[in-house]
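A look at the structure
Here's the letter readout for the chains.
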Amino acid sequence: MIRKTLSASLLAVLFLATPAFAEEATIGRPIEGGSLHEGHLDMAVYYVPVDGELLEVTATFAPKTGGDPLRVVMGLADGDSVAFSMPGHQDSLYAFSRSGKEVTVSTETNTHLRADVTMR
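Let us look at the structure shown here. Remember, it's a predicted structure, so these values are computed and weren't measured experimentally.

Quick notes on the rules
- Residues numbered from 1 in each chain as written.
- Predicted model: local features only at pLDDT ≥ 70, side-chain atom pairs only at ≥ 80, totals over all residues.
- Heavy atoms only, no water.
- Pairing = 2+ DSSP bridges.
- Helix = DSSP H or I, 4+ residues; strand = E, 2+ residues; numbered from the N terminus.
- Salt bridge = Lys/Arg side-chain N within 4 Å of Asp/Glu carboxyl O.
- Buried < 20%, exposed > 50% of the residue type's maximum accessible area, 1.4 Å probe, protein only.
- Polar contact = N/O pair within 3.5 Å; in protein donor to acceptor, adjacent residues only side chain to side chain.
- Contact = heavy atoms within 4.5 Å.

1. Overview of the pairing of strand E4 (residues 55-63)
By the bridge criterion, nine bridges tie strand E3 (residues 41-49) to E4 in an arrangement that is antiparallel. From the neighbouring strand, valine 48 faces E4, where its bridge partner is glutamate 56. Turn length for the E3-E4 hairpin, with the two strands adjacent in sequence and antiparallel, is five residues, and the turn residue glycine 52 shows positive phi of about 70°. Count of turn residues in the E4/strand E5 (residues 70-76) antiparallel hairpin: six residues, of which glycine 66 carries a positive phi of about 95°.

2. Description of the pattern of salt bridges
If you walk through the whole model with that rule in mind, you get two salt bridges. Salt-bridge contacts for arginine 29 lead to glutamate 32; the nearest nitrogen and oxygen are separated by 3.0 Å. Residue glutamate 32 is classed as partly exposed on the basis of its relative accessible area of 25%. In this structure, the salt-bridge partner of aspartate 42 is lysine 64, at a minimum N-O distance of 3.8 Å. In this pair, aspartate 42 is assigned in strand E3 and lysine 64 in the loop between E4 and E5, connecting sequence segments 22 residues apart. Judged by its relative accessible area of 27%, aspartate 42 falls in the partly exposed class.

3. So, the side chain of threonine 104
Summarising the element assignment, threonine 104 is placed in strand E8 (residues 102-109). For threonine 104, a relative accessible area of 19% translates into the label buried. Side-chain polar atoms of threonine 104 contact the side chain of threonine 26, separated by 3.2 Å. Not counting residues up to four positions away in its chain, the partners in contact with threonine 104 are Glu24, Ala25, Thr26, Ala95, Phe96 and Ser97.

4. Remarks on the environment of leucine 41
Positionally, leucine 41 belongs in strand E3. Here the alpha-carbon distance between leucine 41 and serine 92, two residues 51 residues apart in the chain, equals 8.7 Å. Excluding residues that lie within four positions of it along the chain, leucine 41 makes contacts with Leu36, Phe61, Ala62, Pro63, Lys64, Met86, His89 and Tyr94.

5. Quick notes on the pairing of strand E7 (residues 89-99)
Pairing analysis gives five bridges linking strand E6 (residues 81-86) to E7, with the strands arranged antiparallel. The residue bridging serine 81 from the neighbouring strand is serine 97, located in E7. In this structure, the hairpin formed by E6 and E7 is closed by a connection of two residues, where glycine 88 is found at a positive phi of approximately 80°. As paired strands, E7 and E8 are joined by eight bridges and run antiparallel to one another. Bridging from a neighbouring strand, serine 92 pairs with threonine 109 of E8.

In structure tokens, the structure reads:
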């Protein structure tokens, strides 16, 4: 009985310890690409350095059911992060963050979080 209880408790802890974001990609060099395929949109992303210390991040979102792709272009300074949902796809939250020369992109589906912007 104790063994079954411990096994059930351990299994519950493992499920609670999983990260909130279902999929993640980190890009460490200019023009190096990354992609995410969680939810109703496929996304391809890359960055290039621009004026000053900014990295220009380009993300293209393509609906899996067909339709026109959506593109987002943003400048990220070191330490910046932003999270948002795409129009018509509020069930997926996309988060972009920069640390040094790395840009990390993650997605979480079936969420009802509001868009949040944090800039330094």
